[in-house]
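Residue-level structural notes
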Amino acid sequence: MFAETALNVRDKKVQGLFRLIFGLMTVLLIIPVLVIMGMLVYKGGSIITIDFLFTAPTDGMTAGGIFPALFGTVWLVAVALLISVPIGIAAAIYLSEYAADNWFTRIINLAIINLAGVPSIVHALFGVGAFVVFFKFGTSILAASLTLAIMTLPVVIVSTRESLQAVPRAFREACWAMGATRWQTIRRVVLPNSVSGILTGVILEVSRTTGETAPIMFTGAVFFTPLLPQSVFDQTMAMSLHLFVVATQVPGVPEELPFGVALVLIGMVLVMNSVSIALRMYLRGQKKW
Amino acid sequence: MTTDSQALAIRTRDLNLWYGTFQALFDVDLKIKQGIITSLIGPSGCGKSTFLRSVNRINERLGYVRINGAIEVLGKNIYDEDVELVQVRKQIGMVFQRPNPLPISIRDNVLFGYNIHTQGRRPSYREQDDVVENALRQVLLWDEVKDKLKSKATELSLEEQQKLCIARLIPVKPGVLLMDEPCSALDPKGTEAVEELIWELRDNYTILIVTHNMAQARRTSEECIFMLMGKVIEHTATNTMFVTPAQQETADYIEGRYG
């Protein structure tokens, strides 16, 4: 009575077919990643040495290293983080823990979503208008980092808010029922239990900021300067812009140079993403509920 | 407030409560005596948890709750303008349906409320030790956890967690304890243990306990309130209610015709 019927056979074939299609699509997804990484390593791997990382470009940028760009990117990202992380976390705490669900909060949420959807070139033009011209910061690390910060703020806010919301409501109620204020609850219970998620969001923001080109190319990053920035009011080279320049703007660049630059850039991003994932796994393991 | 023969812990007058446009409580007038255990029974959605949660004003977090009337706790309307919410929560402790110890150590759980409400200098480690031991002894948990006070409270069994949730209220010295189905997440053994504990505590606190379990109401309470559709149907001595209920609805409910 449990024997297979013709209908079962047909259904199983259909089921197998769909499984195959979904599996193939998943494999397709990995191919570009492997091809990109493989090509970068194959074509640019040979150029990467300690000297390449720590010397300045020479011979009209057709030789030498990438140090000013690497250094500049670290500056840009660090300053952007200093601006966006405190603002983003504070805003997320307000939205998650204090704000009532009313029209004002909904408008703010809408604004955040829209801010996340603004194309980066539009952020760039806004940065030029606001920071370079209006606030008279000139093309500088400060102007570029402010532009980057505004662009990545929605990411920080959304990821932080999600981490805060992931802390069970029962913990908050337990605190309130004992007479803890909102802030005591946040500081002693909500934040300690959401720090892993917040950190993950921040690191993802770092990796995204590292690769951005448009927002910095008019606001603070320059084509070439042999000088390392001394303060946030200086201009700087940056990895992403440098890649664009050596790949398209300078004649006579050896083929492996842009690939090498790209490899370093993608390496930075991958390292940060891995750190983010590892950190999240470690901190998740600490949780016990 | 002493016209009654026994002092009142909670006195409500014409209490009406709405969630948005839905009215959950209708003209609730209750006199809950001090120093005894009163249970609140009734079918799901009858408003018993809603009532409990308005007695320590924890309902307010939901922005759409609207309240009319008064809830006097120990003689003072807690909805008066000059009432400090933190003091309300301090005087009126609450135990939840699902044990909700904080994801910190057992010791820190017991001290959480105590440290919040201790003014001025931080109590010494030794004083804190005494507070922890005293509270855990009162909830009959000391012997089980005295060697692992630094381990996470969330690793305890549910029964132990619920006892801990009661223990952390003790150092704050509340006058009233609200319990929202405190045993519904526990197994029969845990239920028995926590019920025993509640019975032990009745001398020092006024306890108001919401329960789905009529046998539990009968075992653990001295007075009983039956609610239906947001209204109080009957409030009398527990024995009287279960033997000779005055209202037909009460009789139907305790005989299991609905609920």
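Above this note sits the structure.
Residues numbered from 1 in each chain as written. Chains lettered and ligands numbered in written order. Predicted model: local features only at pLDDT ≥ 70, side-chain atom pairs only at ≥ 80, totals over all residues. Heavy atoms only, no water.

1. Topic: the side chain of S159(A)
Our working rule: We count a stretch as a helix when DSSP gives it H or I for four or more residues in a row; a strand needs E for two or more, and each element gets its number in order from the N terminus. Counted as a polar contact is a pair of N or O atoms within 3.5 Å, where, for protein atoms, one must be capable of donating a hydrogen and the other of accepting one, and residues adjacent in sequence contribute only when both atoms are in side chains.
Structurally, the position occupied by S159(A) is in helix α6 (residues 141-165). Among the polar contacts made by the side chain of S159(A), one reaches the main-chain carbonyl oxygen of V156(A) at a distance of 3.3 Å.

2. So, the interface of chain B and chain A
Short version of the rule: Any two residues whose heavy atoms approach within 4.5 Å at even a single point are treated as in contact. In what follows, salt bridge is the name for a side-chain nitrogen of Lys or Arg lying within 4 Å of a carboxyl oxygen of Asp or Glu.
Contact with chain B, which involves 24 residues of that partner, is made by 22 residues of chain A. Taken together, the connections running from chain B to chain A amount to one salt bridge. Residue R53(B) is joined to E173(A) by a salt bridge in which the shortest nitrogen-to-oxygen separation is 2.6 Å. In this structure, the connection of chain B to chain A is made through four residue pairs in polar contact (both at pLDDT 80 or more). Of all the secondary structure elements, the ones that give two or more residues to the side of chain B that touches chain A are α2 (85-91), β7 (92-95) and α3 (106-117) of chain B. When residues of the side of chain B that touches chain A are assigned to their parent elements, the largest contribution, four residues, is made by α3(B).

3. Examining the side chain of R57(B)
Residue and element names in this part refer to chain B. Mapped onto the secondary structure, R57 falls in the loop between α1 (48-55) and β5 (65-73). Polar side-chain contacts of R57 include one of 2.6 Å to the backbone oxygen of I78. Beyond its immediate chain neighbours, meaning those up to four positions away, R57 contacts I78, Y79, V83, L85 and R89.

4. Let's talk about the pattern of salt bridges
Note the following rule: Classification of residues uses two cut-offs on accessible area relative to the type maximum, computed with a 1.4 Å probe and protein chains only: under 20% is buried, over 50% is exposed, and between them is partly exposed.
As enumerated under the stated definition, the model contains 17 salt bridges over all chains in all. A salt bridge links R57(B) to E60(B); its shortest N-O distance comes to 2.4 Å. We classify E60(B) as partly exposed; its relative accessible area is 33%. In this structure, the salt-bridge partner of E159(B) is K163(B), at a minimum N-O distance of 3.4 Å. Here the residue E159(B) and the residue K163(B) both occupy positions in helix α6 (residues 158-167), the gap between them amounting to four residues, near one helical turn. In this structure K163(B) comes out as buried when scored by relative accessible area, which is 5%. Sharing partners across several salt bridges, the network here consists of R169(A), E173(A) and R53(B).

5. A word on the packing of aromatic side chains
Under the convention used in this document: Classification of ring pairs uses Phe, Tyr and Trp, with its six-membered ring standing for Trp, and accepts pairs whose centres are within 6.5 Å; under 30 degrees between planes counts as stacked, over 60 as edge-to-face, and the remaining range as tilted. Consider the ring centre and the ring normal. A charge sits over the ring if Lys NZ or Arg CZ is within 6 Å of that centre and within 35 degrees of that normal.
For the coordinates displayed, the defined rule picks out 11 aromatic pairs over all chains. Ring geometry for F126(A) versus F131(A): centroids 5.9 Å apart, planes at 80°, classification edge-to-face. Ring pairing ties together the aromatic residues F126(A), F131(A), F134(A), F135(A) and F137(A), which thus form one cluster. Over the ring of Y125(B) we find R107(B); its NZ or CZ atom is 3.9 Å from the centre of that ring.

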